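Summary of the model geometry
Each chain is listed here by its residues.
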Amino acid sequence: MMAVCEVMDCNLNHCKFAGMTIEDANRLLISSLAEFYDEREASSISSMVMERLTGMPKSLRILHKSGSFSIKQEELFQYYLNELMKFRPVQYVLGEAWFGSYPFFVDENVLIPRPETEELADWLIKDTSSKDSGTSVLDIGTGSGCIAVYIKKKRKDFNVTGLDISTAALEIAHKNSRINKADVDFILCDIRDPVQWSTLASVDIIISNPPYIPEKQKEFLDKHVKDFEPSLALFVPNDDPILFYKIIGDIAIQKLLGGGALFLEIHHDFSKEIMEWYEKIGFTLELKKDFSGNNRMIKAFI
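Overview of the structure. (Residues numbered from 1 in each chain as written. Predicted model: local features only at pLDDT ≥ 70, side-chain atom pairs only at ≥ 80, totals over all residues. Heavy atoms only, no water.)

Side note on helix 3 (residues 39–54)
- Helix length check: helix 3, at 16 residues, gives a terminal C-alpha distance of 22 Å against a target of 22 Å (1.5 Å per residue), a fit within 8%.
- Buried within helix 3 are the following residues: Ala42, Ile45, Ser46, Val49, Met50, Leu53 and Thr54. Buried residues of helix 3, viewed axially, fall in a sector of 150°; they line one side.
- The secondary structure elements touched by the buried residues of helix 3 are helix 2 (22–33), helix 4 (58–63), helix 5 (71–84) and helix 6 (90–94).
- For helix 3, the side-chain oxygen to backbone nitrogen distance between the N-cap and Arg40 is 3.2 Å, and the N-cap itself is Asp38.
- Where helix 3 terminates, the next one or two residues include Gly55, which has phi positive at roughly 75°. (Helix = DSSP H or I, 4+ residues; strand = E, 2+ residues; numbered from the N terminus. Expected span 1.5 Å × (residues − 1). Buried < 20%, exposed > 50% of the residue type's maximum accessible area, 1.4 Å probe, protein only. Arc of directions from axis to C-beta. Contact = heavy atoms within 4.5 Å. Polar contact = N/O pair within 3.5 Å; in protein donor to acceptor, adjacent residues only side chain to side chain.)

Points about the packing of aromatic side chains
- Scanning the model with the defined rule gives nine aromatic pairs in all.
- Aromatic pair Phe36 and Phe87: ring centres 4.3 Å apart, planes at 50°, arrangement tilted. Here Phe36 is found in the loop between helix 2 and helix 3, whereas its partner Phe87 is found in the loop between helix 5 and helix 6, with 51 residues between them in sequence.
- Phe36 sits in the partly exposed class, given a relative accessible area of 27%.
- By relative accessible area, which is 23% here, Phe87 ends up partly exposed.
- By the ring-pair criterion, three or more aromatic residues cluster together here, those being Phe99, Tyr102, Phe104 and Tyr150.
- One residue, Lys175, lies across the ring of Phe105, its end atom 3.8 Å from the ring centre.
- Sitting over the face of the ring of Phe87, Lys223 holds its NZ or CZ atom 5.3 Å from the ring centroid. (Phe/Tyr/Trp six-rings, centres within 6.5 Å; stacked < 30°, edge-to-face > 60°. Lys NZ or Arg CZ within 6 Å of the ring centre and 35° of its normal.)

Written out as structure tokens, the structure reads:
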């Protein structure tokens, strides 16, 4: 058995980690990641990598902790560790993230799905439990397609469409709809151009997690976020942080059918400004906090 200290002395670009056991690999991952992450997050990332490498859940990995890696597993381990040490998010390294109980392919062209966004999608599902078959839903800024696909999986009788400005993101969204066997339509649209709104059909529900982080806050974000996740999906001008909420509100006025509603994830720092603006243009609002207690979601309806 190769000791962890011996493994750590290897050059990561050349060492094949010969003879490494499951336990060795897990310890090396956690100790290496501890340079950048707290103990809990390092352990979580390591667990994701080890499950991908071994195909076993944690309980079985503990049972088989002395099991050795194959040559292919050693090579993959080297690749994963090298990428993680560049601060690259584990979801991009593995090419997979989970949203609810569904797997999604992700890379640097799309945001990594987050628990707060899952809360938003769940709110829509619960709120529309009495909606009829054929209810139409538009996901603005669909990215990986996680919201749109999730809604379609939960409500197969809904007609769900996702739109995005990025062709690369839409390719990934299409891929995720196939992975999850969800019949979702995706369209290319730049919502900043009102002329393109004419291509959008009227719908019962609009949902969106738009860009909402002011550019000036970029320097305070974790390196694995600001250096890898797509800026187009994250940042807004410092002088107009609620820009996309205004645009989406105008679209909703034109495209929401009677009795329709709008579900939005919001930046908690701008919840007051967003709500005041929507009330000003005639919407009635419901505010919801996320699991951390932050103002994170609104439902708007006329």
